[in-house]
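Analysis of the macromolecular model
Here's the letter readout for the chains.
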Amino acid sequence: MRSERLEQQIQFAVVIDKLKSVQRRTWLVDRSRREDAAGHSWHVAAMCMLLAEYAAEPLDLCRALQMALVHDLVEIEAGDTYVYDPEATADKAERERQAADRLFGLLPADQAQHWRSLWEEFERRQTAEARFVAAVDRLQPILNNYYTQGAAWQEHHIRIDQVLERNRPFAEAVPALWECIQQLLADAVRQGMLLPASDFKHSLGGNCTF
């Protein structure tokens, strides 16, 4: 007979399966379908392992990986909010806070506190781990957009200045990659994947290739 604690944990495992059904705007690289939030979270965690050496500050990689896996769980109830939609983002924080209350409240008290603290740490961006995971979280859709010839960017008429403003955390969290990201975005504009901004001026630097 299962204990009450194990029953809560099993039920939580069943609930978080719903993240696989939360659809994002980004396309898979093979353009076979749109990405789901669970796949995105796994990809971010894997990329954190891959790119940890570029972090500007020493990392507790284990905590960063936990954060990467937890950071989008609230989307099970709050849904995915498209970052370039000002109307949708207006109440995003409140919707996700309420979702966190309900979702993490399903866990045993000690685990509820731990998982909630990981999610809140990611949202606050006040630790090296949170800043790094947030930067990788933003890099991942840039790569997917670039390797799908700007599929989601073109659908929503996104400009390079919007993407640069969204991704400024690269400059501090992973400065070694920031130059490469700017080069990638400039190339996306040249190839017509991403709309230019009238006041955007960019000079290429470095030897990064993608």
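Residue positions are given per chain, counting from 1 as you read along its sequence in written order. Thresholds applied to this predicted model are a pLDDT of at least 70 for local features of residues and 80 or more for the giving and counting of side-chain atom pairs; totals over whole chains, interfaces and linings are not thresholded and use all residues. The side-chain figures draw on all heavy atoms in the structure; neither hydrogens nor water molecules are used.

This part is about the confidence of the model for the chain. Low-confidence regions, as indicated by low pLDDT, have predicted coordinates that should not be scrutinised in detail. pLDDT is a per-residue confidence score from the predictor, ranging from 0 to 100. In the predicted model, the chain carries a mean pLDDT of 92, and 93% of its residues have values of at least 70. Contact criterion: two residues are considered in contact whenever any of their non-hydrogen atoms come within 4.5 Å of each other. Residue range residues 201-206 is modelled with pLDDT below 50. Its contacts to residues more than four positions away, or to other chains, number 10 contacts.

A separate point is helix H12 (residues 175-190). Within an α-helix, residues lying three or four positions from one another point in the same direction, as the helix has 3.6 residues per turn. End to end, H12 covers 23 Å across 16 residues, agreeing with the expected 22 Å (1.5 Å per residue, within 8%). The helix count covers DSSP runs of H or I at least four residues long, the strand count covers runs of E at least two residues long, and both are numbered beginning at the N terminus. Elements in contact with the buried residues of H12: helix H2 (37-51), helix H8 (128-146), helix H9 (151-155), helix H10 (160-166) and helix H11 (170-173). Positive phi shows up at Gly192, right after H12, with a value of about 80°. Between the first and last residue of a helix there are one fewer steps than residues, each counted as 1.5 Å, and that sum is the expected span.

As a rule, the C-alpha atoms of each element are fitted with a line to give its axis, helices using only the stretch in contact, and angles between N-to-C directions run from 0 to 180 degrees. The contact between H2 and helix H3 (residues 61-70) brings their axes to 8 Å, and the two run at 165°. Of the possible angle classes, the one that applies to H2 and H3 is roughly antiparallel. The way H2 lies across H3 gives a crossing that is right-handed. Seen from H2, the contacting residues are Ser41, Val44, Ala45, Cys48 and Met49; seen from H3, they are Leu61, Leu65, Ala68 and Leu69. Of the residues contributing to the contact of H2 with H3, the split by class is eight nonpolar, one polar and no charged. Orientation categories follow fixed angle ranges, with anything under 35 degrees roughly parallel, anything over 145 roughly antiparallel, 65 to 115 roughly perpendicular, and all other angles oblique. The sense of a crossing depends on the near helix, which, turned anticlockwise from the far helix by less than a right angle, makes the crossing left-handed and, turned clockwise, makes it right-handed. The classification used treats Ala, Val, Leu, Ile, Met, Phe, Trp, Tyr, Cys and Pro as nonpolar, Asp, Glu, Lys and Arg as charged, and all other residues, Gly among them, as polar.

Patch building starts from residues that exceed 30% relative accessible area and form no salt bridge, then joins like charges within 9 Å and nonpolar side chains (Val, Leu, Ile, Met, Phe, Trp, Tyr) within 5 Å. Where accessible areas are quoted, they stem from the Shrake-Rupley method and a 1.4 Å probe; at the residue level, only the protein chains shown are allowed to cover. Counted as salt bridges are all cases of a side-chain nitrogen of Lys or Arg within 4 Å of a carboxyl oxygen of Asp or Glu. Taken together, the side chains of Leu6, Ile10 and Val14 define a hydrophobic patch exposed on the protein surface, amounting to about 230 Å² of accessible area. Mapped onto the elements, Leu6 comes out in helix H1 (residues 4-16).

Two rings from Phe, Tyr or Trp (for Trp, the six-membered ring) form a pair when their centres are within 6.5 Å of each other. A pair whose planes differ by under 30 degrees is stacked, one over 60 is edge-to-face, and the rest are tilted. One pass over the full model with this rule turns up four aromatic pairs. Judged by centre distance (5.6 Å) and plane angle (75°), the rings of Tyr82 and Tyr84 are edge-to-face. Only protein chains enter the accessibility calculation, which uses a 1.4 Å probe; a residue whose area is less than 20% of its type maximum is buried, one above 50% is exposed, and one in between is partly exposed. Using a relative accessible area of 11% as the deciding quantity, one classes Tyr82 as buried. Summarising the aromatic geometry, the rings of Tyr146 and Tyr147 are spaced 5.2 Å apart at their centres and angled 80° between planes, so their arrangement reads as edge-to-face. Judged by relative accessible area, which is 35%, Tyr147 ranks as partly exposed. For Arg125, the ring lying beneath its charged end belongs to Phe122, and the centroid distance is 4.3 Å. Think of it as a cone above the ring: NZ of Lys or CZ of Arg counts as a charge over the ring if it is within 6 Å of the ring centre and within 35 degrees of the ring normal.

A few words now on the pattern of salt bridges. This structure, assessed with the given rule, holds 18 salt bridges. Each of Glu94, Arg97, Asp101, Arg116, Glu120 and Arg124 takes part in a single network of salt bridges with overlapping partners.

Looking at the secondary structure, you find Asp72 in the loop between H3 and helix H4 (75-78). All tallies of charge rest on Lys and Arg as positive and Asp and Glu as negative; His and the ends of each chain are not included. As a buried residue without a salt bridge, Asp72 has its nearest oppositely charged side chain in Arg24, at a separation of 4.1 Å. Those residues in contact with Asp72, other than ones at most four positions away along the chain, are Leu19, Arg24, His40 and Ser41.

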